[in-house]
Amino acid sequence: MGAIMSEYENIVRVVFDNLDVMAWATDAHGTVKLSEGGALQAIGMRPGQLVGVNVLEMYRDRPETLGPVKQALAGEAHTCLSVENGRILETQYRPMRGPSGELLGIAGLSSDVTERERARQELARQTDELRRLAELLDLTQDAVMTRTIGGTITYWNRGAERLYGHERGAAMGRRSHELLRTSFPTELGTIDGHLRMTGYWNGELTHFRADGQEIIVASRWVLKRGEDGQADEVLELNTDVTARKRAEAEEAQRQQVLLAQAQAIQELSTPLIPVTDDILVMPMIGTVDSIRAKQIMEAILRGVADSRARFVILDITGVLVVDTAVAGALLRTAHATRLLGAEVIITGIRPEIAQTLVQIEANLERIVTRGTLQSGIAFALGKRQLDV
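Computed from a predicted model, the values in this text were never measured in an experiment.

## A closer look at helix α10 (residues 290-307)
Relative to the 26 Å expected for 18 residues at 1.5 Å per residue, α10 spans 26 Å between its end C-alpha atoms, a close match to the ideal helical length. For α10, the complete set of buried residues consists of Arg292, Ala293, Gln295, Ile296, Ala299, Ile300, Gly303 and Val304. Considered in projection along α10, the buried side chains sweep an arc of 160° and stay on one side of the axis. The outward face of α10, more than 90 degrees from its buried face, is lined by the exposed residues Ser290, Ile291, Lys294 and Asp306. Looking at the residues trailing α10, positive phi occurs at Arg308, about 55°.

## Structural notes on the packing of aromatic side chains
Per the stated rule, a full pass over the model turns up three aromatic pairs. Judged by centre distance (5.7 Å) and plane angle (75°), the rings of Trp24 and Tyr93 are edge-to-face. In this pair, Trp24 sits in strand β1 (residues 21-27) while Tyr93 sits in strand β4 (residues 87-97), placing the two residues 69 residues apart along the sequence. With a centroid separation of 4.9 Å and an interplanar angle of 55°, the aromatic rings of Trp201 and Trp221 are classed as tilted. In this pair, Trp201 sits in strand β8 (residues 200-208) while Trp221 sits in strand β9 (residues 214-225), placing the two residues 20 residues apart along the sequence. With respect to class, Trp201 is no different from Trp221; both count as buried. The ring of Trp221 has Arg147 lying over it, and the distance from NZ or CZ to the ring centre is 4.3 Å. Over the ring of Phe208 we find Arg181, and its NZ or CZ is 4.3 Å from the ring centre.

## Some details on the side chain of Thr337
Of note, Thr337 is situated in helix α11 (residues 324-339). A relative accessible area of 0% places Thr337 in the buried class. Ignoring sequence-local partners within four residues, the contact set of Thr337 consists of Ile300, Leu301, Val304, Val312, Ala342 and Val344.

## Digging into the confidence of the model for the chain
With 88% of its residues at a pLDDT of 70 or more, the chain has an overall mean of 82. In this model, residues 264-268 is a region of pLDDT below 50 whose contacts with residues beyond four sequence positions or in other chains number two contacts.

## Side note on the pairing of β8
In this structure, β8 lies alongside β9, joined through nine bridges in antiparallel fashion. When the bridges of β9 are listed, His207 appears paired with Ile215. The antiparallel hairpin formed by β8 and β9 contains five residues in its connecting segment, where Gly212 sits at a positive phi of about 90°.

## Side note on the nonpolar core
Grouped together as the largest cluster of nonpolar side chains are 24 residues, with contacts concentrated most on Met284 and Leu314. Broken down by secondary-structure element, the contributors of at least two residues to this core are β12 (279-286), α10, β13 (311-319), α11, β14 (343-347) and α12 (351-359). Discounting chain neighbours no more than four positions away, the residues touching Leu314 are Met282, Met284, Ile296, Ile300, Leu330, Val344, Ile345, Ile346 and Thr347. Ranked by size, the runner-up nonpolar core spans 19 residues in total, among them Trp156, Ala160, Leu179 and Trp201.

## Focus: the packing of α10 against α11
Put simply, α10 and α11 touch, their axes get as near as 10 Å, and they point 20° apart. Between α10 and α11, the crossing angle belongs to the class labelled roughly parallel. In this structure, α10 crosses over α11, and the sense of that crossing is right-handed. In this structure, α10 contributes Ala293, Met297, Ile300, Leu301 and Val304 to the contact, and α11 contributes Ala329, Arg332, Thr333, Ala336 and Thr337. Among the residues making up the contact of α10 with α11, the classes are represented as seven nonpolar, two polar and one charged.

## Structural notes on the sheet that holds strand β3 (residues 78-84)
With antiparallel pairing, the five strands of this open sheet are ordered in space as β2-β1-β5-β4-β3. On the outer flanks of this sheet lie β2 (32-36) and β3, each paired with one strand and no other. Shown here is a sheet whose adjacent strand axes are inclined to one another by a mean of 20°, direction ignored. Relative to strand β5 (residues 103-112), β1 runs antiparallel, the two being bridged by seven bridges.

The rules behind each value
- Residues numbered from 1 in each chain as written.
- Predicted model: local features only at pLDDT ≥ 70, side-chain atom pairs only at ≥ 80, totals over all residues.
- Heavy atoms only, no water.
- Helix = DSSP H or I, 4+ residues; strand = E, 2+ residues; numbered from the N terminus.
- Expected span 1.5 Å × (residues − 1).
- Buried < 20%, exposed > 50% of the residue type's maximum accessible area, 1.4 Å probe, protein only.
- Arc of directions from axis to C-beta.
- Phe/Tyr/Trp six-rings, centres within 6.5 Å; stacked < 30°, edge-to-face > 60°.
- Lys NZ or Arg CZ within 6 Å of the ring centre and 35° of its normal.
- Contact = heavy atoms within 4.5 Å.
- pLDDT = per-residue confidence, 0-100.
- Pairing = 2+ DSSP bridges.
- Core = buried A, V, L, I, M, F, W, Y, C linked by side-chain atoms within 4.5 Å.
- Axes fitted to C-alpha atoms, helices over the stretch in contact; angles between N-to-C directions.
- Parallel < 35°, antiparallel > 145°, perpendicular 65-115°, else oblique.
- Left-handed = near helix turned anticlockwise from the far one by under 90°.
- Nonpolar A, V, L, I, M, F, W, Y, C, P; charged D, E, K, R; others polar.

Below, the structure written as structure tokens:
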């Protein structure tokens, strides 16, 4: 009989030593009577090493482990986690009772669940991180979505709901370009090719809201690849720039109006009037500054070149002040006009302006001057007849 029991105990020990668990048992006072199992090695123990040790004394300074043991010795079956030698153990505590129901001790079965728990903790950490990231994405005013390579929406934040007017549930699973009726700045195939080659794309898109309103967005696409390196998903971030684009268009239109007005004012301030086919008259009124002097020269040279005029009459009757700068501008204009084969006649020189020209020693020797516009026109007509 003894030999049979010994063989049985050996078989039991071998079985437990080859299982990745720890099987143990104590008496009613907490003294270990059984300690077997291959998982004992993970916590630095050998099979049978704890036999005879009282777990109540062993764990008296570790309430997190002592509590479950006392709970089992009190007759309550339960399961809990503990940490031994850096390993996480899941232990099933079961009270052992005799034929009359008296407590004989406790039996336990412990498994090393370190990897499982670490994976669970990492998953919980990632889930929490994703949750916080989703909360942050929901706080942004920009529309954030993810979609498959085929265009099916897999994520739609609150910013997208606010911008486009489509609830998340209504957008998920839809093709984004169809849902938003996207207009692209170039062929979609070209954009997708750039995305696959570089991993990103930036540009402006035209979308339509759920209420039919057209909006313009600055769109940024980022390509996500799977573990096999193949294109997997696209992250798309869209910022509403409709108001800015409208303001830019309005400003461009305003600048065009201002330019047209400036050109009209310039033409009014430097009118070049044809008297005959080869006589042009420019009446000058007001103040002549450097900018206007340049405009006068450009208008005269352009008019002479276009009409092939032989005479240009500058009437300065309406010019308030003639100083050195104005006189210099007149002389330069006359010289440039002669280079084109036309002659400049200055009319309307009042006595006070003549006195000023003498004081500043303006050299008008090669320029014909007349007192009135009528006399200037008469001079040009007469000289034209003589030349004929």
